[in-house]
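A closer look at the structure
Given next are the chains, with one letter for each unit.
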Amino acid sequence: MPPKPGLWIAITFICLVSRAGAQEPQLAGDELFEKQVRPILTTHCLECHGDKDPKSGLRLTSRDLALKGGDSGSAVLPEKPEESLLIRAVEYLDEPKMPPQQKLADTEIAVLKRWVKIGAPWPAAPTSGAAADPATHKSVTAKQRKWWAFQPICDPSVPEEKNSWSRQPLDNFIAAELVAHGMTPASEADRRTWLRRVTFDLTGLPPTPEELEAFLSDSSPETFEHVVDRLLGSPAFGPRWARHWLDIVRYADYHDGNPSARTASCDPLNAWRYRDWVVEAFNRDLPFDQFVVHQIAGDLLPSPEGKDFYADGLVATTFLTNGSWDRGDADKEKMVSDMVDDNIDTVGKAFMGLTLGCARCHDHKFDPVSQHDYYALAGIFYSSHVLKELGAKGGEYTLNRVPLADKAFVAKREQQLKSLVDLDGKLAELDKRTPKPPADDPERAKLTAEKTRQQAELLPEPPVAEAAGEGGMAGGLFPGIQDVPVQIRGSYTRLGEVIPRRMPNFLAGDKQPPIAGGSGRRELAAWVISRENPLTARVIVNRIWQWHFGEGLVRTPNNFGLRSEPPSHPVLLDWLATRFVAEGWSLKKLHRQIVLSATYRQSSIVPPERIVQDPENRWLGRYAAGRLEAEAIRDAMLSVSGGLDTTAGGPASDNLAIARRSLYVQTARWDRGSFAMLFDAANPDASDEKRNISTVAPQALFLLNSDFVKKLAMQLSERLAREVPPTKAEHETARIQRAYRLLYGRAATDEEAGIAREIVSSGQSADAGWTDLAHLLLCSNEFVYVD
C-alpha cells in the first residue's frame with residue numbers, strides 16, 4: 001500500500017525544502033542605521049556621548065567606539081540586544097537609565113534592538129578625495145562622479161555573433177560574456193517547459209492542456225511569437241504585472257485586515273482604484289514615462305476635452321497617499337515630516353533606484369545627494385497635500401479624497417444636500433412647537449412632500465480617489481506652497497537655512513530654472529523621465545529583467561548608488577535602456593524581446609560542473625528555476641480546479657476563499673498572518689525591491705490542512721470526473737493523464753500513473769481517493785516551481 005496522502009504531502013514538502021532551502025530575509029542594515037538608528041543617537045545620545053568630553057568615557061560616534069564602550073564596558077554586543085548595555089539602559093532595566101530626562105518611545109527602542117540583533121551595522125563615510133559642490137556644500141568624490149549609474153546612457157553597438165545561438169540582439173551581449181568567462185549557453189528548454197515558463201511569467205497562470213497541444217502541434221517558425229503576442233494581449237497580463245509594481249510602491253488595500261476595525265478617515269478605502277488603474281495601464285501598454293508622470297503629478301495633467309477633471313490622473317496619485325503612516329500620532333508635525341520622507345524615499349527608490357531618504361538628517365554618506373538636496377525635494381512634497389486634515393492631537397488624520405466628477409456636478413449635489421439638511425431642520429422645529437402640530441398638519445405635509453421630492457432628485461454620490469493635491473497640509477508647519485528650511489538632524493524643532501525647491505544638484509545640474517508656481521511635482525515628474533536623467537530607464541529595464549530571470553542585471557534594484565552591486569552586463573543594460581526609450585517606453589515591447597530571446601529559452605538543467613563554475617548564474621548560462629509567488633500559487637490552484645473567477649476590478653475582499661485572482665484578496669498592512677505573507681509576499685510598509693523566498697513548515701501545514709486547499713482539491717477531482725467520466729476501466733488512466741497535463745503540462749510516467757492508481761484505490765471511497773490524489777498533486781513541488 002502506498003503512504004496515505006498526508007504522508008505524500010509531507011514527502012513533497014521535504015523535496016521542496018531540499019530544492020529551495022530556507023532563507024532568512026535580507027535586512028537593509030545600512031539603510032536601517034542611516035534612516036532610523038543614527039537620528040535616535042543624534043537626537044538623544046550625542047549631547048553627552050559625542051566626541052567632546054564624553055560622559056563615563058562612552059562615545060557613540062562610530063561602531064568601533066560603541067563596541068569599545070566606556071567605564072562600564074562595551075555598550076553594544078552585536079546580535080545580542082538582551083546583553084547590550086545600551087539596550088538595557090534605554091529600556092530602563094539598569095542604572096543609569098538613558099536618556100535620563102525621558103524614556104525613548106517603544107518604537108525607538110524596537111529600532112535599536114533590531115539594529116543590534118542584525119549585527120549593529122554602522123556604515124563608514126567615504127573618505128576619498130573630494131571637491132565641495134558650492135550649491136549644496138557637499139563634497140563630491142571622484143568615485144561618485146565616475147560611478148556607472150550617474151553616467152549618460154550610451155548606445156552601444158551589438159557584439160558580433162560568433163555562432164548561431166542568438167535569437168535577439170540581446171543574446172549577443174550574453175554570449176560575449178559567456179565566452180569571456182569560458183562558458184557556453186545551456187541547451188534549449190523543451191517546448192513544454194518554455195510554454196509553462198512564459199505563460200506563468202506573463203499571466204501568472206498555467207497554460208491549459210489545449211494551449212499546450214496547439215503549441216506543440218504548430219511547427220511554423222512564428223509559433224513562439226504568436227504565443228507571446230497572445231499572452232501580452234491577454235487580460236490576465238495586467239493583474240500579473242500590476243502585482244510586481246505594487247510591491248515597489250508599498251501598496252496596501254487597507255491598514256487593518258479586520259473590516260470592522262477600519263476607519264473612514266485614514267484607511268485607504270479607495271486604494272483599489274489605483275490598483276485597477278495600474279492593471280489597466282499595463283494592459284494597454286501606457287508608455288512608462290507617462291506611467292511615472294501620472295503617479296507623481298497626475299492631478300496636474302490636463303483634463304480630457306469637455307471635462308474639468310482627469311480621473312486617471314487623480315487616481316494615479318494615490319501612489320503618494322497610500323503610505324504606512326502612524327494614523328494617530330500626537331506629534332502632528334513629525335507625522336507630516338514622516339509622510340514627506342516616505343514620498344521622497346519611495347519616489348527615489350521606485351523610479352530612480354536612489355535612497356534619497358538617507359539624506360534627511362545629514363548628507364548622504366555614500367551617494368552625491370546632500371541634505372540640501374533632500375530639503376529641496378521636501379519643499380515639493382510639503383507644498384502638496386495628501387491629507388484633508390491632520391486631526392486633533394492623538395486623533396486620526398483624514399485622507400484627501402477627491403470626487404471623480406465635474407465640479408458643477410459636485411456643487412449641485414452639495415447644494416441638494418444642504419437643502420435636505422435645511423428641510424430636516426424645519427421639520428425638527430415643528431416637533432419643538434407647543435402644542436406639537438398633528439401628524440396631518442398641512443405645513444408638515446408640505447415639508448415632508450418636498451423632502452421626498454428632493455431625495456428622489458438627489459444626484460448619486462460620486463466615486464472618490466485618495467489623491468494628492470496642491471498646497472501644503474492645512475494646520476501643518478508649512479501649510480502653503482513654499483520652500484522649506486533644512487531640519488537640523490532631521491528634527492522639525494531645529495530649523496536651518498531655507499532651501500529653494502529643485503532637483504538634486506549633482507544629478508540635475510546647478511543651473512536649474514526656479515520652480516515659479518505650484519508645488520514643483522510637475523517639474524519633478526518631467527525631470528525623472530527626462531533624457532538628462534540616466535537612472536529611470538535603467539531602473540525599470542533592470543526590474544523587468546529581474547522579474548523574468550529572478551535577478552536583475554543589477555542585483556540591488558532599489559539602489560543604483562555607491563552601495564549597490566554594479567551590473568553584471570553594463571553594456572547590455574544600456575543597450576536595453578536605449579531601445580526602451582527609443583521604442584516609446586513600451587513595456588510590452590521590452591517583455592517581447594526578452595522572452596523571445598535564446599537567453600530566456602535556455603534549460604535550467606545543466607551539468608554539476610557548470611553550477612560550480614557560475615553558482616549564482618551571474619553570466620546567465622542557464623535559466624534559473626524558481627518558486628511561484630504566493631499569488632501565482634493560489635491563482636494556479638484556482639485555475640486548474642476550474643473555479644477561477646477572472647472578473648477584474650473593485651474593492652479587495654478579506655476572504656481568502658473567494659474564487660477571484662489573488663490581486664483582489666486584500667493586502668492589509670497590519671495583517672502578518674495571511675496566506676500571502678506565509679508565502680513571502682511583499683511587506684507593504686515600504687518599497688520592496690525583491691521578495692524573499694523561505695521554505696518553512698507552516699507552508700506545508702497550510703497546504704495540507706487548509707479548508708481552502710481541501711476545497712480546491714475536491715473541485716479538481718470533480719473537474720476530472722466531468723472531463724473524463726469513469727465509464728470504462730481504461731478511463732482511470734486517462735483521468736490521471738488529464739490531471740498531470742492540467743497541473744504540470746506533461747504526461748504522467750508509467751511509474752507515476754501506477755502510484756496515482758494506488759492512491760485512488762486507497763481512498764475511503766472512489767470520490768475520496770480521487771480527491772486525495774488531487775490534493776497531493778496540488779501540493780507537489782513540481783506544481784509550485786517553474787523550470
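Residues numbered from 1 in each chain as written. Predicted model: local features only at pLDDT ≥ 70, side-chain atom pairs only at ≥ 80, totals over all residues. Heavy atoms only, no water.

**Details of the overall build of the protein**
For the protein, the count of helices and strands is 35 helices and twelve strands. With the principal axes as the frame, the protein shows a C-alpha extent of 90 × 85 × 60 Å. For the protein, the residues scored as buried account for 54% of the 787 residues in total. Put simply, of all contacts in the protein between residues at least 6 apart along the chain, 68% involve residues at least 24 apart. When the accessible surface of the protein is split by element, carbon and sulfur atoms take 54% of a total near 34,400 Å². Each charge class in the protein was averaged separately, 94 positive and 107 negative side chains, and the resulting centres sit 1 Å apart. (Helix = DSSP H or I, 4+ residues; strand = E, 2+ residues; numbered from the N terminus. Buried < 20%, exposed > 50% of the residue type's maximum accessible area, 1.4 Å probe, protein only. Contact = heavy atoms within 4.5 Å. Areas by Shrake-Rupley, 256 points an atom, 1.4 Å probe, with all protein chains shown as cover. Lys, Arg positive; Asp, Glu negative; His and termini not counted. Charge placed at Lys NZ, Arg CZ, Asp CG, Glu CD.)

**Re the packing of aromatic side chains**
The final tally for this structure, using the stated rule, is 32 aromatic pairs. When the ring of Trp148 is compared with that of Phe560, the centres are 5.2 Å apart and the planes differ by 45 degrees; the resulting orientation is tilted. Placement of the pair is Trp148 in the loop between helix H7 (142-146) and helix H8 (169-180) and Phe560 in the loop between helix H23 (536-549) and helix H24 (570-582), with a sequence separation of 412 residues. Between Phe215 and Phe224, the ring centres sit 5.2 Å apart and the planes meet at 90 degrees, which makes this aromatic pair edge-to-face. One exposure class covers both Phe215 and Phe224, and it is buried. Through successive ring pairs, a cluster of aromatic residues spans Trp245, Tyr251, Tyr274, Trp277, Phe282, Phe288, Phe291, Phe319, Phe351, Phe580 and Trp585. (Phe/Tyr/Trp six-rings, centres within 6.5 Å; stacked < 30°, edge-to-face > 60°.)

**Things to note about the pattern of salt bridges**
A full pass over the atoms with the stated rule returns 46 salt bridges. Asp338 is paired through a salt bridge with Arg360; the nearest N and O atoms lie 3.0 Å apart. Placement of Asp338 in helix H17 (residues 332-352) and of Arg360 in the loop between H17 and helix H18 (371-382) is noted, with a sequence separation of 22 residues between them. Taking the relative accessible area as the measure of exposure, Asp338 reaches 24% and is therefore partly exposed. Since its relative accessible area comes to 14%, Arg360 is described here as buried. In this structure, the salt-bridge partner of Arg433 is Glu443, at a minimum N-O distance of 3.2 Å. Pair noted here: Arg433 is in the loop between helix H19 (407-432) and helix H20 (442-457) and Glu443 is in helix H20, with a separation of ten residues, a long-range link. (Salt bridge = Lys/Arg side-chain N within 4 Å of Asp/Glu carboxyl O.)

**Describing the packing of helix H13 (residues 271-283) against helix H14 (residues 288-297)**
At a closest axis distance of 11 Å, the pairing of H13 and H14 adopts a crossing angle of 165 degrees. In terms of axis orientation, H13 runs roughly antiparallel to H14. Judged by the twist between their axes, the crossing of H13 over H14 is right-handed. Here Tyr274, Trp277, Val278, Ala281 and Phe282 of H13 lie close against H14, whose contacting residues are Phe291, His294 and Gln295. (Axes fitted to C-alpha atoms, helices over the stretch in contact; angles between N-to-C directions. Parallel < 35°, antiparallel > 145°, perpendicular 65-115°, else oblique. Left-handed = near helix turned anticlockwise from the far one by under 90°.)

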